[in-house]
Structure formats: structure tokens, C-alpha cells
Amino acid sequence: MDAITVNHLNRVFKSTDGIIKRKVKEVVAVEDVSFEIRQGELFGLLGPNGAGKTTSVKMLTTLLIPTGGTATIMGLDVVKDAAKVRPRIGFIFGGERGLYWRLSGLDNLRYFASLYYVDEKVAKKRIPELLEMVGLKGREREKVEGYSRGMRQRLHIARALLHDPEVLFLDEPTMGLDPVGARELRTTVKNMQSANKTILLTTHYMFEADALCQRIAVINKGKIVALDTPEKLKENVQDLTVVEIELYGISQDRIARIKALDFVVDVSVEDRDQRQVLHVHTPKGPEAIPVLVENLNGLRLGRIITREPTLEDAYVRLVGGTEN
Amino acid sequence: MLNHLTANIRIFFEGAYYSYRALFRWLRPATYLASKVFAPLTMMIFFVYIGAYASGSNNASFYVIGNSLIFAASSGIFGVTMSVGGERWSGTLPYLFGSPANRWAMFVGRAVMHILDGMLGVFIGLGWGILLFGLDFSHTDPMALLLAILITTFSTSGLGLLMGCLSLITRNVMLVNNTVYFSLLVFSGANIPVAELPRWMQSISQMLPLTRGVACTRTIINGGSLADVLPLLQVEFLIGVMLTILGYFLFKVFEIQAKKKGTLDIF
Ligand SMILES: Nc1ncnc2c1ncn2[C@@H]1O[C@H](COP(=O)(O)OP(=O)(O)OP(=O)(O)O)[C@@H](O)[C@H]1O
Ligand SMILES: [Mg+2]
């Protein structure tokens, strides 16, 4: 059975501005999104800022009413059966908010255990286990305001697991963590999946999705632009080579000119300190280099290399970014 | 069924306990004590002397009783407002509304500790009255007094719940809260006898919580019996119940609206 089904989900936000003449602006945050997640699957929702990831998660966690379409969790409708959905899901929204900073970590967990109707005896046993699991053991009696960002994030994870939910929603769980902390958290997520939980994870990072998820949906401007296993997504770009050219100060019309070349499939620009790195996707391989250099004449060039495309390239191509 | 009931009672009291702690635990005991013990003293002295000066009479007990109650009431109102409205600041609303917890238990529980806190405040105020202004309890029925204070702090906490919900909706809590505080100061009869107010103001007094509570407490301290004040106390209680229900209703409306408009975590 599918743990999560999403059918043509839509969400439009209306906002008004102007005091005298009220203009109503509409933002389509999620547009016609559909997918299914199997029980026990770790599914990634990947997309750039403002793509609609958080909005989707909010609708699936009963916190936001869709303006169109439907979704179910374990066969229960997220709008009509919201009350039945809630005890079966756990969720975290990345970041540090959403905890009582003036209470200890332990008190935070105790309070949420009661909000989730976790039996007191069960909570007594489970809270220390969860603290152990997220590495907060020994710090649980300190106030949350004295925690580091990573500690707060991990406390959120423990909070989401208090009632042993079948389905978990993790919205950017590694946001703001240092590389070591992020890696530890990824291990924790992996472990949760082996405990046979269904997990929907959102992230900006392709490598994170690649390392964790069995399937990835790439979402951009509210729409799903690709949905497949990481391997299949990579195949999309496998016939191509990426030429990386380091350079200094390239203008938009130069980029446009490169993009217009007939053997160029896609171009993205990455900023690295003073320099930029041009990633040119082409089926032509190293042979493309002379023509590219010719088109860049007058610019100061640095290192030029060719390499196999990565999942990151597949992603960048899908969301069509010239940003990094 | 019964299990569910006990679980909801737990949410009610744990919510009460933790939200109160979250609000006040940052105060060191000394600061807390100062705010509880000395702040009412200054307020009381101010009004006793101003009152004596303005009215020419020397009726300290009138002001002592009135201000003990109003001080407790206002700290209760602010406290409850902050513990409901504070959820917006702490960003906990999505997590509260995403939980299966009974909303009634979750919401009304916020007021419990503030009722107790308010009662303590009244006792401290009256204690100052005994110490400094010779407030006389020799004719007072203690049980009746306790009941009157309990019901008064309950009804003003009801106002706090209502204000707390308004603060979720409007964001201009402090403005609304101050307005309420000053109207209690003027209308409740704590400092100005209600009978001396113009007629239209009197009708406002009659709609507010606290007005009857103040009157009952004065009557009881001055030797009245429970039977004397019971009719008024019942109305005071009813006002508290109505405010609580209204607050809860607004709370539900807020929840539904926030989910429709997507304003749950905007602060
Ligand atoms: N409550 C809201 N009111 C109005 N517009 C909103 C609201 N929430 C989100 N939006 C808009 O919807 C779009 C999608 O936002 P969303 O938060 O879902 O993106 P996201 O993929 O989570 O981005 P990020 O990676 O930055 O977290 C954005 O254009 C955003 O401005
Ligand atoms: Mg987001």
C-alpha cells in the first residue's frame, strides 16, 4: 500500500498590499503536484528556494488546506480525516523555532508527549532512548535557549518521534548544520528508515537526496519537473560531458551567446570567490573546448577541465538554474 | 473513553504547568518575588494616597481591596495573553496545531496557573493591607473570601484567554491589552466607586469581569456573608465562563482561518 498519495495538489496564496487601493496578488506555490510514496520508502523532494517544498509538506501535515487536489496519508484524507492523520505522522520544519526556549529539552519532550497522548510509562522509557539517539543525552536538563542550532534541530527530531509515527516529514532537516552535524543527522535519518518508517525529506542539496533517498521528485516553481531514482535521474545527463571553465567577470550576453551554440545543451554559472565557473553541458566532449574558448576571447580564463556529469548537473539542468 | 478523558486532563494540567514555566522560569526567584510582592505595594500606596487626597475621606481599605484585585487581575490577564499569544513568537503554533491534542484542554489549560498566581497576588496585596493600612479581617468569613477571590481571578483569566486569541489574530496585543487594563482601572470600581460613574460608564462596568468581584470582596471583608454576595458572584462566574467560551471559539476560528490562509507561522 502507498503510505502517501498526492493527487493534483494545488496551493495558491493570496496576499493584499497597498493601503488605499487593495491589490490582490496571487502566488501559485504548488501546481498540479502528484506522486505516491510506498510504505517504508525514503522519498526526497528536491528543489530551489521558493519551489513549493514547505508548502507541500504543510498541506500533507494538515497545517494548510490545499486550494485544489487531494492527498492521503495511510489512506486517510489530509483535510477530511485530519484528526486521524495527526497521530500517525511526525514532522519537523527546518530551523530552530517551534520549541519552548525557556524550558529544558526534557520538558519540551514531556509536554509534546502529552500533546500526542503518549502514555506516561511509555514516555518515561522512550524519551531517554530518543535523547540517546539524537545525541542529547546529558544535556536534556539544560534550557533550549542555551542549545546550539544543531542541538535544537536534533531535539526537533526527537520530538517528532515521540509518538512513534508511521510517516515522517522532514523539511530541510540539515538546514544550518555544520558538515559533521549534517552527516550525523543523515545517519539518523537512514536509521529511522531502517525502522521501517515512511519518510518524506525535503532538501536543497542534490548529494543529500542522492545519499539518502530511494526516489527523488525535483520540484521547481511549484511543479514536479522530474521524478525517479537517483540513478535514472543521472541517466538523463549521461550522454553529455561537462566542460568547466574558470573565468573572471562574464556578462549575461556572453552566457547567452554560449547557450546559443548548437552543440551546447545547457549552461550554468557558479560563483567561487572572485571567479566564476562556467559549466557547459555538451555531447561533444573535449572537442567543444576550442570553440568555447573562441567565444570567450577577451576574458581572463583559468583552469579548463572536462568531467562526467553528476546528479548535481542533472538537477541544475532540471531546474534550469544559472545561479549556483 | 475514560482513558481519553484522563489523557486530556493531563494535557490540561501539563499545558498549564509548562506554559507557565516557559513564561516565568527565566525570572530569578528574587526578580519574581519583587514583581509579586513589591510591585503591588507601590501601586497600592499610590492609589490609597491619591484616593484619600481626591475624595477627602480616609478609607484605605476601599483602595487596598480594589487594588489587590486589580493588580492580580491585570497580571493574570497579561500572563494568559502572553502564554497564548507567545506561541506565535516561539513558532510553536504549527506543532501545537499539528498535534492531535484536544484543543479545549490545550487552550483553557493555559489559564489555570494564572488563576492560582492571581490568587496569590490578591493575598499578598491584602497582606500589605494588614501590615500597612490596618486592614481589618475580624468580621471576615475566610471561606467566602477565598471563593470570591477564586471566582474573580477565574473570570479575569477568561478575559486573558480572549485577549490571547485576539493577539493571535491581530498582533497588536500590547495595545489591546493596555486598553483593557486601563478600562478595568476606570470601570471596575477598584478605585472609583461604580455608583459615582456616569450612567453610560456604569453600564460598561456591569459588562466587565472584576466589577462584581471587587464589590463582593469588599462586602465579605467588611463582614458580609456568602449569602449576601452569592447572586453577584454567580454573575461574575458566568461572565468568566462566557469569556472562556468566546475565547475558545475565537481560538478555533483562528485555527481554521490560519490553515486556510496559510498564516499559521507568520509572526
Ligand atoms: N503563507 C504564505 N503566504 C504567501 N505566500 C507564501 C506563503 N508561504 C509560501 N508562500 C510562497 O509560496 C512559494 C513557495 O514557498 P515554499 O516555502 O513552499 O518554498 P520552499 O520550496 O520551501 O523554499 P525554501 O527552499 O526556500 O524553503 C514562495 O513563492 C513563497 O513566497
Ligand atoms: Mg522551505
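Residues numbered from 1 in each chain as written. Chains lettered and ligands numbered in written order. Predicted model: local features only at pLDDT ≥ 70, side-chain atom pairs only at ≥ 80, totals over all residues. Heavy atoms only, no water.

### Let's talk about the overall build of chain B
Okay, so step 1: Counting its secondary structure elements, chain B contains 10 helices and 0 strands.
Okay, so step 2: The order of helices and strands in chain B, counted from the N terminus, is α-α-α-α-α-α-α-α-α-α.
Okay, so step 3: By the compact-globule yardstick of 18 Å for 267 residues, chain B fits well, its C-alpha radius of gyration being 19 Å.
Okay, so step 4: With the principal axes as the frame, chain B shows a C-alpha extent of 60 × 40 × 40 Å. (Helix = DSSP H or I, 4+ residues; strand = E, 2+ residues; numbered from the N terminus. Rg over C-alpha atoms; globule rule 2.2 N^0.38 Å.)

### A look at the domain arrangement of chain A
The extent of an interface is frequently quoted as the accessible surface area lost upon association of the parts.
Okay, so step 1: Its domain assignment divides chain A into domain 1 (2-229) and domain 2 (239-308).
Okay, so step 2: Between domain 1 of chain A and domain 2 of chain A, the C-alpha centre-to-centre distance is 38 Å. (Domains from an automatic or database assignment.)

### Let's talk about a nonpolar patch on the surface
All names here are of chain B.
Okay, so step 1: On the surface, a nonpolar cluster with roughly 430 Å² of combined accessible area is contributed by Ile45, Tyr49, Leu131 and Leu132.
Okay, so step 2: Every element with two or more residues in the nonpolar patch is listed here: α2 (29-55) and α5 (103-133).
Okay, so step 3: The residue Tyr49 is located in helix α2 in this model. (Patch = residues over 30% accessible without salt bridge, like charges linked within 9 Å, V, L, I, M, F, W, Y side chains within 5 Å. Areas by Shrake-Rupley, 256 points an atom, 1.4 Å probe, with all protein chains shown as cover. Salt bridge = Lys/Arg side-chain N within 4 Å of Asp/Glu carboxyl O.)

### Digging into the interface of chain A and chain B
Okay, so step 1: On the chain B side, the residues contacting the 34 residues of chain A number 39 residues.
Okay, so step 2: When the buried surface of chain A facing chain B is broken down by residue, Arg97, Arg102 and Tyr117 of chain A rank first, second and third, together holding 23% of it.
Okay, so step 3: Inspection of the region where chain A meets chain B yields 0 salt bridges.
Okay, so step 4: In this structure, the connection of chain A to chain B is made through 15 residue pairs in polar contact (both at pLDDT 80 or more).
Okay, so step 5: Listed by contribution, the elements that provide at least two residues to the side of chain A that touches chain B are β1 (2-17), β6 (89-93), α3 (105-115) and α5 (149-161) of chain A.
Okay, so step 6: Ranked by residue count, the leading element in the side of chain A that touches chain B is α3 of chain A, at 7 residues.
Okay, so step 7: Residue classes in the side of chain A that touches chain B are distributed as 18 nonpolar, 5 polar and 11 charged. (Contact = heavy atoms within 4.5 Å. Buried area = accessible area lost by both parts, 1.4 Å probe. Polar contact = N/O pair within 3.5 Å; in protein donor to acceptor, adjacent residues only side chain to side chain. Nonpolar A, V, L, I, M, F, W, Y, C, P; charged D, E, K, R; others polar.)

### Considering helix α4 (residues 120-133) of chain A
Residues and elements named next belong to chain A.
Okay, so step 1: Compared with an ideal rise of 1.5 Å per residue, which puts 14 residues at 20 Å, α4 spans 20 Å between its outermost C-alpha atoms and is within 8% of the ideal.
Okay, so step 2: Roughly 25 degrees is the biggest bend found in α4, and it falls at Arg126, with proline Pro128 one to four residues downstream.
Okay, so step 3: Taken together, the buried positions of α4 are occupied by Ala123, Ile127, Leu130 and Leu131.
Okay, so step 4: Residues of α4 that are buried sit in contact with α3 and α5.
Okay, so step 5: Two residues or fewer after α4 comes Gly135, characterised by a positive phi angle close to 75 degrees. (Expected span 1.5 Å × (residues − 1). Bend = angle between axes of the 7 residues up to and from the residue. Buried < 20%, exposed > 50% of the residue type's maximum accessible area, 1.4 Å probe, protein only.)

### Focus: the nonpolar core
Okay, so step 1: If you look at the biggest cluster of nonpolar residues, it comprises 104 residues, and the most contacted ones within it are Ile4, Ile73, Phe169, Val189, Leu200 and Ile216 of chain A together with Met106 of chain B.
Okay, so step 2: Residues Ile77, Val180, Phe187 and Leu233 of chain B belong to the second largest nonpolar core, which totals 52 residues. (Core = buried A, V, L, I, M, F, W, Y, C linked by side-chain atoms within 4.5 Å.)

### Quick word on unusual backbone geometry
Okay, so step 1: Non-glycine residue Asp164 of chain A carries a positive phi angle of around 50 degrees.
Okay, so step 2: Mapping Asp164 of chain A onto the fold places it in the loop between α5 and β7 (167-171).
Okay, so step 3: A positive phi angle is found at Leu210 of chain B, which is not glycine, with a value near 85 degrees.

### Considering the sheet that holds strand β14 (residues 301-307) of chain A
Residues and elements named next belong to chain A.
Okay, so step 1: If you trace the 4 strands from one edge of the open sheet to the other, you get β12-β13-β11-β14, paired in antiparallel fashion. What marks the edges here is a single partner per strand, and that holds for β12 (266-272) and β14. Pairwise comparison of adjacent strand axes, ignoring direction, gives a mean angle of 20 degrees for this sheet.
Okay, so step 2: The pairing of β12 with strand β13 (residues 275-282) spans 7 bridges and is antiparallel. Considered in β13, the bridge of Ser268 is made with His279. (Pairing = 2+ DSSP bridges. Axes fitted to C-alpha atoms, helices over the stretch in contact; angles between N-to-C directions.)

### As for the site of ligand 1
Okay, so step 1: In the region of ligand 1, 15 residues are neighbours, and Gly50, Lys53, Thr54, Thr55 and His204 of chain A sit closest.
Okay, so step 2: Residues near ligand 1 are shared among chains A and B, making this a multi-chain site.
Okay, so step 3: One of the backbone nitrogen or oxygen atoms of Ala51 of chain A is found 3.1 Å away from an oxygen atom of ligand 1.
Okay, so step 4: Note that an oxygen atom of ligand 1 is positioned 2.6 Å from one of the side-chain N or O atoms of Thr54 of chain A.
Okay, so step 5: Protein burial of ligand 1: of its 630 Å² of free accessible surface, 70% is covered by the chains.
Okay, so step 6: Listing elements by their share of the shell around ligand 1, those giving two or more residues are β2 (23-38) and α1 (53-60) of chain A.
Okay, so step 7: Looking at the shell around ligand 1 element by element, the count peaks at 3 residues for α1 of chain A.
Okay, so step 8: Residue composition of the shell around ligand 1, by class: 6 nonpolar, 7 polar and 2 charged. (Near = heavy atom within 4 Å.)

### What to know about the packing of aromatic side chains
Okay, so step 1: A complete count under the given rule lists 22 aromatic pairs over all chains for this structure.
Okay, so step 2: Consider the rings of Phe35 of chain A and Phe43 of chain A, whose centres lie 5.0 Å apart with planes at 20 degrees: the pair is stacked.
Okay, so step 3: By relative accessible area, which is 4% here, Phe35 of chain A ends up buried.
Okay, so step 4: Between Phe46 of chain B and Phe47 of chain B, the ring centres sit 5.0 Å apart and the planes meet at 80 degrees, which makes this aromatic pair edge-to-face.
Okay, so step 5: Looking at Phe47 of chain B, the relative accessible area reads 16%, which means it is buried.
Okay, so step 6: Three or more aromatic residues joined by ring pairs make a cluster, and in this case those are Phe97, Trp104, Phe107, Tyr248, Phe251 and Phe254 of chain B.
Okay, so step 7: Looking at Arg300 of chain A, its charged tip hangs above the ring of Tyr248 of chain A, at a distance of 4.1 Å from the centre.
Okay, so step 8: Across the ring face of Phe62 of chain B, the terminal group of Arg218 of chain B is positioned such that the distance to the ring centre comes to 3.6 Å. (Phe/Tyr/Trp six-rings, centres within 6.5 Å; stacked < 30°, edge-to-face > 60°. Lys NZ or Arg CZ within 6 Å of the ring centre and 35° of its normal.)

### Quick notes on the side chain of Thr174 of chain A
Residue and element names in this part refer to chain A.
Okay, so step 1: If you trace the backbone, Thr174 turns up in the loop between β7 and α6 (179-194).
Okay, so step 2: Here the side chain of Thr174 touches Glu208 through a polar contact of 2.8 Å, side chain to side chain.
Okay, so step 3: Every residue in contact with Thr174, bar those within four places of it in the chain, is listed here: Gln153, Ala182, Leu185, Arg186, Tyr205 and Glu208.

### Quick notes on the pairing of strand β11 (residues 241-247) of chain A
Residues and elements named next belong to chain A.
Okay, so step 1: Of all the 7 residues making up β11, 7 are buried; the element is thus mostly covered by neighbouring parts of the structure.
Okay, so step 2: Side chains Thr241, Val243, Ile245 and Leu247 of β11 all project onto a buried face; the interleaved residues Val242, Glu244 and Glu246 project onto the opposite face, where all are buried too.
Okay, so step 3: Relative to β13, β11 runs antiparallel, the two sharing 7 bridges. Within β13, the residue paired with Thr241 across the bridge is Thr282.
Okay, so step 4: Bridging between β11 and β14 involves 5 bridges; their strand directions are antiparallel. Bridge assignment links Leu247 to a residue of β14, and that residue is Leu301.

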